[in-house]
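Examining the three-dimensional arrangement
The lines below spell out each chain.
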Amino acid sequence: MDVFVSLCKRRGFVFQSSEIYGGLGGFWDYGPLGVELKNNIKQDWWRAMVQERDDIVGLETSIVMNPAVWEASGHVDTFADPLVDCKSCKRRFRADDLAAGDRAADSPHGQGQAVDVSGVRCPECGGELTEARMFNLMFKTYIGPVEDDASVAYLRPETAQGMFVNFDNVVTSMRRKLPFGIAQIGRSFRNEITPGNFIFRDLEFEQMEMEFFVVPGTDEEWHDRWIQARLDWWLGLGVRKEMLKLREHDKEELSHYSKRTVDIDYDFPFAGFAEVEGIANRTDFDLKAHSERSGRELKYFDEASGEHIVPYVIEPAMGVDRCFLTVLIDAYAEEEVKGEKRVLLRLNRKLAPIKVAVLPLSRNEKLVPTARKVWDLLRPHFMTQYDDAQSIGRRYRRQDEIGTPLCVTVDFDTLDDDAVTIRDRDSMEQSRVPVSGLVEALRDKLEGG
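Before going into details, it helps to say that this report is about the structure given with it. (Residues numbered from 1 in each chain as written. Predicted model: local features only at pLDDT ≥ 70, side-chain atom pairs only at ≥ 80, totals over all residues. Heavy atoms only, no water.)

**So, the overall build of the chain**
Here is the rule we go by: To qualify as a helix, a DSSP run of H or I must reach at least 4 residues; to qualify as a strand, a run of E must reach at least 2; elements of each kind are numbered from the N terminus. For each residue, the accessible area found with a 1.4 Å probe, counting protein chains only, is set against the maximum for its type, and the residue is called buried under 20%, exposed over 50%, and partly exposed in between. Contact between two residues is taken to exist if any of their heavy atoms lie within 4.5 Å; hydrogens are not considered. Per-residue accessibility takes into account occlusion by the displayed protein chains alone, with areas from the Shrake-Rupley method and a 1.4 Å probe.
A count of helical and extended segments in the chain gives 14 helices and 23 strands. Judged by the C-alpha coordinates and their principal axes, the chain covers about 75 × 65 × 50 Å. Here the chain holds 449 residues, and the buried ones make up 52% of them. When contacts within the chain are restricted to residue pairs at least 6 apart in sequence, those whose partners lie at least 24 apart make up 67%. In the structure as shown, the chain presents an accessible area of about 21100 Å², 47% of it carried by carbon and sulfur atoms.

**Observations concerning the environment of Gly238**
Along the polypeptide, Gly238 turns up in the loop between helix H8 (219–236) and strand S11 (244–248). Linking Gly238 and Leu347, residues 109 residues apart in sequence, is a C-alpha distance of 7.5 Å. With residues near it in sequence (within four places) discarded, Gly238 still touches Asp330 and Asn348.

**Remarks on helix H2 (residues 32–51)**
What counts, and what does not: Expected helix span is taken as 1.5 Å per residue step, with the number of steps being one fewer than the number of residues.
The end-to-end C-alpha separation of H2 is 26 Å, in line with the 28 Å expected for 20 residues at 1.5 Å each. Along H2, the positions that sit buried rather than exposed are Leu33, Gly34, Leu37, Lys38, Asn40, Ile41, Lys42, Asp44, Trp45, Met49 and Val50.

**Overview of the side chain of Arg322**
Formally: When charges are counted, Lys and Arg contribute as positive and Asp and Glu as negative, whereas His and the chain ends are disregarded. For salt bridges, the criterion is a side-chain nitrogen of Lys or Arg within 4 Å of an Asp or Glu carboxyl oxygen. We call two N or O atoms a polar contact when they sit within 3.5 Å, provided that within protein one can donate a hydrogen and the other can accept it, with sequence-adjacent residues counted only if both atoms are side-chain atoms.
Looking at the secondary structure, you find Arg322 in helix H10 (residues 320–331). At 4.9 Å, Glu275 is the nearest oppositely charged side chain to Arg322, a buried residue that forms no salt bridge. A distance of 2.8 Å separates the side chain of Arg322 from the backbone oxygen of Glu275, its partner in a polar contact. The residues touching Arg322, leaving out its near neighbours within four places in the chain, are Phe200, Arg201, Phe268, Glu275 and Val276.

**Brief notes about the pattern of salt bridges**
One side chain can pair with another of opposite charge once the charged atoms of both are near each other. Enumeration over the complete set of coordinates arrives at 45 salt bridges. Across the pair Lys87 and Glu128 runs a salt bridge, and its minimum N-O distance is 3.3 Å. Placement of Lys87 in the loop between strand S4 (80–85) and strand S5 (92–94) and of Glu128 in the loop between helix H5 (95–100) and strand S6 (133–136) is noted, with a sequence separation of 41 residues between them. Its relative accessible area of 45% is what places Lys87 among the partly exposed residues. Of the residues examined, Glu128 reaches a relative accessible area of 42% and is grouped as partly exposed. For Arg342, the salt bridge is made with Glu335, and the minimal N-O distance between the two is 2.7 Å. Its relative accessible area of 0% is what places Arg342 among the buried residues. One network of salt bridges, in which partners are shared, links Glu335, Arg342, Arg346, Arg397, Asp400 and Arg423.

**Things to note about the sheet that holds S6**
To be explicit about the condition: Strands are treated as partners if at least two bridges between them are detected by DSSP. Every angle, taken between N-to-C directions, lies between 0 and 180 degrees, and every axis is a line fitted to C-alpha atoms, over only the stretch in contact when it is a helix.
On the basis of which strands lie adjacent, the open sheet formed by three strands has the order S5-S4-S6 and antiparallel pairing. Among the strands making up the open sheet, the edge pair consists of S5 and S6. Going from strand to strand, the sheet's axes swing by 45° on average, the running direction of each strand aside.

**Digging into the environment of Leu231**
Relative to the helices and strands, Leu231 resides in helix H8. The exposure class of Leu231 is buried, given its relative accessible area of 16%. It is 29 Å that separates the C-alpha atoms of Leu231 and Leu442, two residues lying 211 residues apart in sequence. Setting aside its immediate chain neighbours within four residues, Leu231 contacts Leu244, Leu246 and Ile264.

**Some points on the environment of Phe205**
Examined against the element boundaries, Phe205 turns out to sit in strand S10 (residues 204–214). Residue classification places Phe205 among the buried positions, given a relative accessible area of 13%. Excluding anything up to four places from it in sequence, Phe205 contacts Pro157, Gly186, Arg187, Ser188, Phe189, Arg190 and Asp321.

**Things to note about unusual backbone geometry**
A negative phi holds for most residues other than glycine; trans holds for most peptide bonds. Here the residue pair Leu178 and Pro179 is connected by a cis peptide bond, since its omega of -5° sits within 30 degrees of zero. Looking at the secondary structure, you find Pro179 in the loop between helix H7 (167–174) and strand S9 (180–189). Positive phi is not limited to glycine here, since Gln390 has a value of about 75°. Relative to the elements of secondary structure, Gln390 occurs in the loop between strand S20 (384–386) and helix H12 (392–401).

**Quick notes on the sheet that holds strand S21 (residues 406–410)**
For sheets, the rule is that strands pair by backbone hydrogen bonds, running either parallel or antiparallel. Judged by pairing direction, the sheet is mixed, and its five strands sit side by side in the order S20-S19-S21-S22-S23 without closing on themselves. With one partner strand each, in any of the chains shown, S20 and strand S23 (430–434) form the two edges of the open sheet. Across this sheet, the average inter-strand angle for adjacent strands is 25°, counted without regard to direction. Along the sheet face, helix H11 (residues 367–378) touches strand S19 (356–360), S20, S21 and strand S22 (419–424) and points at about 170° away from the line of S20. Sheet strands in contact with H12 are S19, S20, S21, S22 and S23, and its direction is about 170° off that of S19.

**Overview of the packing of H2 against H10**
Condition: Angles are sorted into four bins: roughly parallel if under 35 degrees, roughly antiparallel if over 145, roughly perpendicular if 65 to 115, and oblique for all others. Any residue that is not Ala, Val, Leu, Ile, Met, Phe, Trp, Tyr, Cys, Pro, Asp, Glu, Lys or Arg is counted as polar, Gly included; the first ten are nonpolar and the last four charged.
Contact pair H2 / H10: the axes reach a minimum separation of 10 Å and the direction vectors enclose 105°. As far as their axial angle goes, H10 and H2 are roughly perpendicular. Facing H2, whose interface residues are Gly34, Leu37, Lys38, Ile41 and Lys42, H10 presents Val320, Asp321, Cys323, Phe324, Val327 and Leu328. Per-class residue counts for the contact of H2 with H10 are seven nonpolar, one polar and three charged.

**Digging into the nonpolar core**
Cut-off, in case you're wondering: Throughout, nonpolar core names a set of buried Ala, Val, Leu, Ile, Met, Phe, Trp, Tyr and Cys residues whose side chains join them through atoms within 4.5 Å.
Phe13, Ile41 and Trp234 are the most contacted members of the largest nonpolar core, which totals 57 residues. Ignoring anything within four residues of it in the chain, the contact list for Trp234 reads Val239, Leu244, Ile264, Val276, Glu277, Met318, Cys323 and Thr326. Of all hydrophobic cores here, the second largest spans 21 residues; its members include Ala371, Leu378, Val420 and Ile422.

See the structure below:
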């Protein structure tokens, strides 16, 4: 992981937030390549969830909501982790992490359940631990100039509640019929006791969640369908099948709203199999809770039966940051080429931050203007990068290391035949293509690959 984290910083994927001031644990900044990869992940999720379907619409809700939302949803009372302190070194830990052992990396949040840590010692110094006490994970803030109980608000710990409280608005404005879904991508905040493992567990992160509303009685069938659909999406990103598995939640670890939850786990080098996405059957808990708290009925009129019903909800939910980490780790590879180590990211071509790199053979004054014209030709069509520093071999290696699928080399023959060389990242095979057909050739290789 040290090698991997170093690559992420050196190549502009991820930086420690506020690094010049010593950083801030659990907060990260995404560099020029990182933001491109994140955008590509979000675009692919949105395409699969909204664009390619006729039964899901999108939404964007505010980060700060009326605090009554979090009271109704149960977050104020139950969105908490058990906290313990070491009496010797003063370090703080999640009690369920210490009790869970190997499952610590993906143990569930927000259960509000006490944990017995009797007999457990501090993992850092072996000291005695305090009794566990509950610690609410929501970030508290205040609205207005006076900081009192009447002005308390929270940064949202999930995007889901914004979709539930807008259920009636969406049904009315978009004339939706069951089953249908509402999807959202947005920032969430959780005051984690022990953030860590790079960007695996953060305090500020981005979520991609979808609430799929169904007729009660059809929820179990839809749950199974969404479990398979989400697993297929991960495989479609190019993540190796043998690195993924489905994990059924035990009854004692189910969230208070869940009838059944299944996680998609990935085999991380630092944690073993850990959650990258959860697909939950939330029943009608949320709509009923908000109806009771707000006094506003959140029901659906079923014309077939002539009855008002409260739909059940199937929720696929995942973090962009953890998906980002997964696809990078899964794509990372080292191999020997002609006696030298080659580091490369075998990223799916639709996710690669840079699709095409334009490389003049050298900085020769005759080559550079032609190479720049080729770059100008490609920029409207692909995310590109121009690189003319150091030898062509070193530049190929740099592009391999950031996952660029294709390199276009402009050489002295280009001045005569108006053709360039396309070099493939994975196979390192090269082919000659006329500049007039370059855009089409690159598109075919990117889509076909």
